[in-house]
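Residue strings, one per chain:
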Amino acid sequence: MAAKLTEGERAEHLPALESAGWSMVEGRDAIRKRFTFRTFVDAWGFMSRVALAAEKLDHHPEWSNVYRTVEITLSTHDAAGLTALDVKLARRIEALVG
Ligand code: HBI
């Protein structure tokens, strides 16, 4: 089972994700980002690509879509908090948006 990120690992990995727009969710050990696209179809295409990336990692986002926005929350349920898997998936998502 994945272990929760240590303070050192958080200091190493979270700043870059925060610069990319991810932030800690209040009251939870989780990170969240809202993506806005030009159209609903662009948002849906993004979700399809994220779904495939998530499936490959066997790590699945909590997310919602409203028209052309997609809000993604990442946390590892098995560990009840952030693990390296969340960092990995967040990075892959960033690579997908370019
Ligand atoms: N996705 N985000 C997230 N967190 C998990 O703990 C998780 C998951 N997807 C699959 C998964 N765990 C399974 O490996 C376990 O439920 C068996």
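Higher on the page you've got the structure.
About the thresholds
- Residues numbered from 1 in each chain as written.
- Predicted model: local features only at pLDDT ≥ 70, side-chain atom pairs only at ≥ 80, totals over all residues.
- Heavy atoms only, no water.
- Core = buried A, V, L, I, M, F, W, Y, C linked by side-chain atoms within 4.5 Å.
- Buried < 20%, exposed > 50% of the residue type's maximum accessible area, 1.4 Å probe, protein only.
- Helix = DSSP H or I, 4+ residues; strand = E, 2+ residues; numbered from the N terminus.
- Contact = heavy atoms within 4.5 Å.
- Near = heavy atom within 4 Å.
- Polar contact = N/O pair within 3.5 Å; in protein donor to acceptor, adjacent residues only side chain to side chain.
- Nonpolar A, V, L, I, M, F, W, Y, C, P; charged D, E, K, R; others polar.
- Phe/Tyr/Trp six-rings, centres within 6.5 Å; stacked < 30°, edge-to-face > 60°.
- Pairing = 2+ DSSP bridges.
- Axes fitted to C-alpha atoms, helices over the stretch in contact; angles between N-to-C directions.

Student: Honestly, the nonpolar core in this entry has me stumped. Any pointers?
Tutor: One broad rule of soluble globular proteins: the nonpolar side chains tend to lie buried together. The biggest cluster of nonpolar side chains holds 22 residues, and the ones touching the most others in it are Trp22, Phe46, Ile72, Leu74 and Ile93. Elements with a minimum of two residues in this core: helix H1 (7–19), strand S2 (31–36), helix H2 (40–57), strand S4 (69–74) and helix H3 (84–97). When residues of this core are assigned to their parent elements, the largest contribution, seven residues, is made by H2. Once residues lying within four places of it in the same chain are set aside, the contact partners of isoleucine 93 are Trp22, Phe35, Phe46, Val50, Ile72 and Leu74.

Student: Would you mind showing me how to read the site of the ligand here?
Tutor: Neighbouring the ligand are the residues Asp58, His59, His60, Ser75, Thr76, His77 and Asp78. The side chain of aspartate 58 places a nitrogen or oxygen atom 3.2 Å from an oxygen atom of the ligand. Here a nitrogen atom of the ligand sits 2.8 Å away from a polar atom, N or O, in the main chain of histidine 60. Here the shell around the ligand is composed, by residue class, of no nonpolar, five polar and two charged.

Student: Whenever I open this one, the packing of aromatic side chains confuses me. Can you help?
Tutor: Remark: the centre distance and the inter-plane angle together describe each pair of aromatic rings, the angle taken between the planes. With the rule as written, the count across this model stands at four aromatic pairs. Look at phenylalanine 37 and phenylalanine 46: their rings are 4.8 Å apart centre to centre, the planes differ by 40°, and that puts the pair in the tilted class. A ring pair is formed by phenylalanine 40 and tryptophan 44, whose centres lie 6.0 Å apart and whose planes are at 40°; its orientation type is tilted. With phenylalanine 40 and tryptophan 44 both in helix H2 and four residues apart, the pair spans about one turn of that helix. Under the relative-accessibility criterion, phenylalanine 40 is labelled partly exposed at 38%.

Student: Help me understand the sheet that holds strand S3 (residues 62–66), please; the structure alone is not making it clear to me.
Tutor: Backbone-to-backbone hydrogen bonds join strands into a sheet, with any given pair of strands oriented parallel or antiparallel. Taken in spatial order, the four strands of this open sheet run S1-S2-S4-S3, and their pairing is antiparallel. The strands lining the two open edges of the sheet, one partner per strand, are strand S1 (23–24) and S3. The sheet contact formed by S1 and S2 spans two bridges and is antiparallel. What sits directly across from serine 23, in S2, is arginine 32. Against the sheet, H2 touches S2, S3 and S4, its axis set at about 165° to S3.

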